[in-house]
Amino acid sequence: MTQCLHGMLYLAVLVAFASCNAPPVPLDDIVIAKTFVPEECVRAVKVGDYVRYHYNGVFPDGKKFDSSYDRGSTYNVFVGKKQLIEGMDKALVGMCVNERRLVKIPPKLAYGKEGYGDTIPPEAILHFDVLLLDVWNPEDGVQSQTYYKPDECSRKVEVSDYVRYHYNGTLLDGTLFDSSHTRLRTYDTYVGIGWLIAGMDQGLLGMCVGEKRIITMPPSLGYGENGDGSDIPGQASLVFDVVLLDLHNPRDSITVSNKHVPEHCPRKTAEGDFVRYHYNGSLLDGTFFDSSYSRNRTYDTYVGKGYVIAGMDLGLIGVCIGERRTITIPPHLAYGEEGTGTKIPGSAVLVFDIHIIDFHNPADGVEVNDTYKPEVCEKLSKKGDFVKYHYNASLMDGSSIDSTYNYGKTYDIVLGTNQVVPGMEEGLKEMCVGERRHLVIPPHLGYGERGVDGEVPGSAVLVFDIELMDLEEGLPEGYMFIWNDDVSADLFTEMDRDKDQLVGASEFSDYILRQVNEGKGRLAPGFDPYRIIDNMFNNQDRNGDGKITEAEFKLKAEEVPDHDEL
């Protein structure tokens, strides 16, 4: 119904044009009335151009004699090549795409005295309502117009590159025939090797990632005389509005751009190292897909062992602690043609901004560096000694963990009793009182893969600056108490104060403490003396009745090797 109404309106306009503009003298030339002129006219028809247009043709009385609309296809022809009646050849010159003209053509510029069969009588004045849809010239090539270009363009599309881009495809009159946006996925292809129509192969060359351009091509570089058989008619110019999202070449390796390299870098990552790092991951057009920062924890992995994508394995080699770098990874070294199925599309180039927090090797030991050593050193710390020390603890990136100075007191331990992590045990050995050391402890000698919840991350390298403040020499290995003087020959009798031939727990405890207080004996330092004494008493109380008999009582030297007491 709407088409019929429009057709009636067209005829009404043509009839009005015929009647209102009828000249008082015979018509010698065409008469043109422009009923619509687009605001923008990129190109006007010239002689020799090829055009596609729709028309309705009527006689002065309004009777229709022909219409391209009725045939459902445009009229396609060269202009000025005598393929049209002379009046139409003249009328089309200077028209813009989407311009509409009412054209009155006198007989001598139409079909003249002969007419045209049964359709056009002799000496007929013809009226045409013309709508121009397309214009091109056989000499046309691809026309590219960039309307947005990013400030930085490190690389441009070349032949054999693989690209990912979005596009809207229209005819020259603006009719949409296709769009990658409606499919919610990019068009991915090689450039310049014949996988695309020739005009697109040419039009994509030289583009930067993020660039937006209009690519216009004649049909000879598009779908030619026959079109695509559905949405693109034959001999149609094509216009593609393209935004380039991604670009790589199958020969590409990773590219690394250093953003910050610390001045002091005593060691760089090597294959087999275990690395802790933060990252932001994005596509080449800046689309974000993942970040370790959002999870508030580093990504921890071995390097060069295949635990991460190949490109990241390469990009993490040769990096310093504290270094920041950007790693750009082509898809064949990342997630390939398939992508991840969610945030990373197939054939996508990935960009990682990384920050190395720390790294170590499973073969690493404790790194010990003396920062101060007293000139006089009377004794060195050893296993069993009771030591008191201050420390500042941090991670490799400088993040503070803890400090004894915050509490105003030393940290006190007995060496060799597993009261601290193995790396600290190692670092405290053979120190002088007043000595200061800088310790670097790998996680397998620190808090391991789990770390300490809320304080030390898993697999973290630890840094301690320590100062030994005091040292109390320990007892020989295997002893919790020793005599400073000769042992009394009547030891049992001395303990048995009530002379009942039995030594109770209080008698035993009082006696040992008295020997310690008088300097005759010494308990192992750093432990609860009452627990040591209880343990000694229980070892002597062989039958567990709470009393020691003279038969049960033995000195250390009299014991079998596995029994531990006096």
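The residue count restarts for each chain, going from 1 along the sequence in the order it is written. With pLDDT at 70 or above as the cut-off, local features in this predicted model cover only qualifying residues; side-chain atom pairs require 80 or more to be listed or tallied, and sums for whole chains, interfaces and linings still use all residues. Note that water and hydrogens are dropped before the side-chain values are worked out from all heavy atoms of the structure.

Caption draft 1: Structural view of the overall build of the chain. When helices and strands are tallied, the chain shows ten helices and 28 strands. We compute the radius of gyration over the C-alpha atoms and compare it with the globule rule, which gives 2.2 Å times the number of residues raised to the power 0.38. Rg of the C-alpha trace for the chain: 47 Å, well past the compact-globule value of 24 Å for 566 residues, more than 25% over. If one aligns the C-alpha atoms of the chain with their principal axes, the spans along those axes are about 155 × 50 × 40 Å. In this scheme, a residue with accessible area under 20% of its type's maximum is buried, one over 50% is exposed, and one in between is partly exposed, where area comes from a 1.4 Å probe on protein chains only. When burial is assessed residue by residue, the chain has 46% of its 566 residues classed as buried. The contact criterion used throughout is that any non-hydrogen atoms of two residues lie within 4.5 Å. Taking the contacts inside the chain whose residues are at least 6 apart along the sequence as the reference set, 69% of them involve residues at least 24 apart. The Shrake-Rupley method, run with a 1.4 Å probe, gives the accessible areas here. Residue values count only the displayed protein chains as cover. Of the roughly 29700 Å² that the chain leaves accessible, carbon and sulfur atoms contribute 49%. Helix and strand assignments follow DSSP, with helices taken as H or I runs no shorter than four residues and strands as E runs no shorter than two, numbered in order from the N terminus.

Caption draft 2: Representation of the packing of aromatic side chains in the model. Geometry of aromatic contacts follows a simple scheme: Phe, Tyr and Trp rings, the Trp one being its six-membered ring, pair when their centres are within 6.5 Å, and the pair is stacked under 30 degrees between planes, edge-to-face over 60, tilted otherwise. Counted according to the given criterion, the structure contains 31 aromatic pairs. Ring geometry for Tyr389 versus Tyr411: centroids 5.8 Å apart, planes at 65°, classification edge-to-face. Residue Tyr389 is located in strand 20 (residues 386-395), and its partner Tyr411 is located in strand 22 (residues 411-414); the two are separated by 22 residues in the primary sequence. Of the aromatic side chains, those joined through ring pairs into one cluster are Tyr53, Tyr55, Phe59, Phe65, Tyr75 and Phe128. Working rule: Lys NZ or Arg CZ, within 6 Å of ring centre, within 35 degrees of ring normal, means a charge sits over the ring. Taking the ring centre of Tyr148 as reference, the NZ or CZ of Lys212 above it sits at 5.9 Å. Above the face of the Tyr372 ring, Arg436 is positioned so that its terminal group lies 5.0 Å from the ring centre.

Caption draft 3: Region of the structure containing the side chain of Arg276. Checked against the element boundaries, Arg276 lands in strand 14 (residues 274-283). A relative accessible area of 3% places Arg276 in the buried class. Apart from the residues lying within four places of it in its own chain, the contact partners of Arg276 are Thr298, Tyr299, Asp300, His355, Ile356, Ile357, Asp358, Pro457, Gly458, Ser459 and Ala460.

Caption draft 4: Highlighting the state of the cysteines. Two cysteine sulfurs form what is called a disulfide whenever their separation falls within 2.5 Å. Per the counting criterion, the structure on display carries four disulfides. Through a disulfide, Cys153 is tied to Cys208; the S-S separation comes to 1.9 Å. Sign of the S-S torsion, about -95° for the bond between Cys153 and Cys208, identifies this disulfide as left-handed. Here Cys153 is found in the loop between strand 7 (143-148) and strand 8 (162-171), whereas its partner Cys208 is found in the loop between helix 5 (198-203) and strand 11 (212-217), with 55 residues between them in sequence. Exposure remark for Cys153: the relative accessible area of 30% places this residue in the partly exposed category. A sulfur-sulfur distance of 1.8 Å marks the disulfide that ties Cys377 to Cys432. Disulfide Cys377 to Cys432: torsion about the S-S bond roughly -100°, handedness left-handed. Taken together, the positions of Cys377 in the loop between strand 19 (367-372) and strand 20 and Cys432 in the loop between helix 7 (422-427) and strand 23 (436-441) put the pair 55 residues apart, joining distant regions of the chain. A relative accessible area of 1% places Cys432 in the buried class. Shown here for the chain is a disulfide pattern of 1-2, 3-4, 5-6, 7-8, where each number marks a bonded cysteine counted in sequence order.

Caption draft 5: Representation of the nonpolar core within the structure. Within the largest apolar cluster, 27 residues are counted, with the highest numbers of intra-cluster contacts made by Tyr53, Met88 and Phe128. When residues in this core are grouped by element, the largest group, five residues, is from strand 6 (residues 126-136). Setting aside chain neighbours within four positions, we find Tyr53 in contact with Ser68, Thr74, Tyr75, Val77, Leu84, Met88, Leu92, Val130, Leu131, Leu132 and Leu133. Grouping buried Ala, Val, Leu, Ile, Met, Phe, Trp, Tyr and Cys residues that are joined through side-chain atoms within 4.5 Å yields what is termed a nonpolar core.

Caption draft 6: Quick peek at helix 9 (residues 505-517). If you check helix 9, its first and last C-alpha atoms are 18 Å apart, about what 13 residues at 1.5 Å a residue would give, namely 18 Å. Buried within helix 9 we find Glu507, Phe508, Ser509, Tyr511, Ile512 and Gln515. Contacts from the buried residues of helix 9 go to strand 25 (481-483), helix 8 (491-495), strand 26 (502-504), strand 27 (521-523), helix 10 (529-540) and strand 28 (547-549). Positioned one or two residues after helix 9, Gly519 has a phi angle of 80°, which is positive. By this rule, a helix spans an expected 1.5 Å times one less than how many residues it contains.

Caption draft 7: Summary view of the side chain of Asp358. Position of Asp358 among the secondary structure elements: in strand 18 (residues 350-360). Whenever a nitrogen or oxygen atom comes within 3.5 Å of another N or O atom, the pair is scored as a polar contact, on the condition that within protein one atom can donate a hydrogen and the other can accept it, and that pairs from neighbouring residues in sequence are kept only if both atoms are in side chains. At 2.8 Å, the side chain of Asp358 and the side chain of Arg276 are in polar contact. Within polar-contact distance, the side chain of Asp358 engages the backbone nitrogen of Val461 at 2.9 Å. Those residues in contact with Asp358 that sit more than four places away from it in its chain are Phe274, Val275, Arg276, Ile321, Met396, Ser459, Ala460 and Val461.

Caption draft 8: Structural context of the pairing of strand 17 (residues 324-329). Sheet topology places strand 13 (residues 255-260) next to strand 17; five bridges connect them, and they run antiparallel. Bridging from a neighbouring strand, Asn258 pairs with Arg325 of strand 17. Across six bridges, the pairing between strand 17 and strand 18 is antiparallel. Counted as the bridge partner of Ile327 is Phe352 from strand 18. Between any two strands, at least two bridges found by DSSP are needed for them to pair.

Caption draft 9: Spotlight on the pattern of salt bridges. For this analysis, a salt bridge means a side-chain nitrogen from Lys or Arg found within 4 Å of a carboxyl oxygen belonging to Asp or Glu. The final tally for this structure, using the stated rule, is 29 salt bridges. Across the pair Arg43 and Asp140 runs a salt bridge whose closest N-O atoms are separated by 2.7 Å. Of this pair, Arg43 sits in the loop between strand 1 (31-36) and strand 2 (50-58) while Asp140 sits in the loop between strand 6 and strand 7, and the two are 97 residues apart along the sequence. Glu426 is the salt-bridge partner of Lys429, the closest N and O atoms lying 3.8 Å from each other. With relative accessibility at 39%, the residue Lys429 sits in the partly exposed group. One connected set of salt bridges, linked through shared partners, spans Arg43, Asp49 and Asp140.

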